[in-house]
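Next come the chains, spelled out residue by residue.
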Amino acid sequence: RVAESPVALECRHFKTIPLPDDQGRAVDHMVIGRVVGVHIDDRFIHDGRVDTGAMRPIARLGYSEYAVVTEAFRMRRPD
């Protein structure tokens, strides 16, 4: 696991799928795993819930842009 990461997903390999280029050659692969464990630093658990904003996760936006999430909110789904 990455020492500075507040969360780690422990996975078991399920399947590797070759991804072909335009000529049909497998140049990339997609790896699919099954999550068998979740490890969360206790500092980020408050009242039995994970405080996602406190972890400051990084989100990929597109191109070469990223964002740091500093705040999360809850919204109940309608019945």
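Shown above is the structure to which this text applies.
Residues numbered from 1 in each chain as written. Predicted model: local features only at pLDDT ≥ 70, side-chain atom pairs only at ≥ 80, totals over all residues. Heavy atoms only, no water.

(A) Looking closely at the overall build of the protein chain. Per the secondary structure count, the protein chain includes one helix and six strands. Against the globule reference of 12 Å for 79 residues, the protein chain gives a C-alpha radius of gyration of 18 Å, more extended than a compact globule. Its C-alpha atoms put the protein chain at 50 × 35 × 30 Å along the principal axes. A total of 79 residues make up the protein chain; the buried ones form 8% of that total. Once local pairs closer than 6 in sequence are excluded, the contacts in the protein chain between residues at least 24 apart make up 31%. (Helix = DSSP H or I, 4+ residues; strand = E, 2+ residues; numbered from the N terminus. Rg over C-alpha atoms; globule rule 2.2 N^0.38 Å. Buried < 20%, exposed > 50% of the residue type's maximum accessible area, 1.4 Å probe, protein only. Contact = heavy atoms within 4.5 Å.)

(B) Examining unusual backbone geometry more closely. One non-glycine residue, D47, adopts positive backbone phi at about 55 degrees. Within the secondary structure, D47 sits in the loop between strand 3 (45-46) and strand 4 (49-50). One non-glycine residue, R56, lies in positive phi territory at about 55 degrees. With respect to the helices, strands and loops of the structure, R56 is situated in the loop between helix 1 (52-55) and strand 5 (58-62).

(C) Spotlight on the pairing of strand 2 (residues 26-40). Two strands pair when backbone bridges link them, and strand 1 (residues 7-20) and strand 2 are joined in this way by 13 bridges, in the antiparallel orientation. Directly across from H13, in strand 2, lies its bridge partner G33. As consecutive antiparallel partners, strand 1 and strand 2 are separated by five residues, and within that stretch G24 has a phi angle of approximately 90 degrees, a positive value. (Pairing = 2+ DSSP bridges.)

(D) Structural context of a nonpolar patch on the surface. Judged by side-chain polarity, L9, V35 and V38 come together as a nonpolar surface patch covering roughly 270 Å² of accessible area. Mapped onto the fold, V38 is located in strand 2. (Patch = residues over 30% accessible without salt bridge, like charges linked within 9 Å, V, L, I, M, F, W, Y side chains within 5 Å. Areas by Shrake-Rupley, 256 points an atom, 1.4 Å probe, with all protein chains shown as cover. Salt bridge = Lys/Arg side-chain N within 4 Å of Asp/Glu carboxyl O.)

(E) Spatial organisation of the pattern of salt bridges. What the rule picks out here adds up to two salt bridges. With its nearest N and O atoms 2.9 Å apart, the salt bridge here joins R25 to D21. The shortest N-O distance in the salt bridge between D41 and R43 comes to 2.8 Å.

(F) Region of the structure containing the pairing of strand 5. Pairing analysis gives four bridges linking strand 5 to strand 6 (residues 65-68), with the strands arranged antiparallel. The residue bridging R60 from the neighbouring strand is Y66, located in strand 6.

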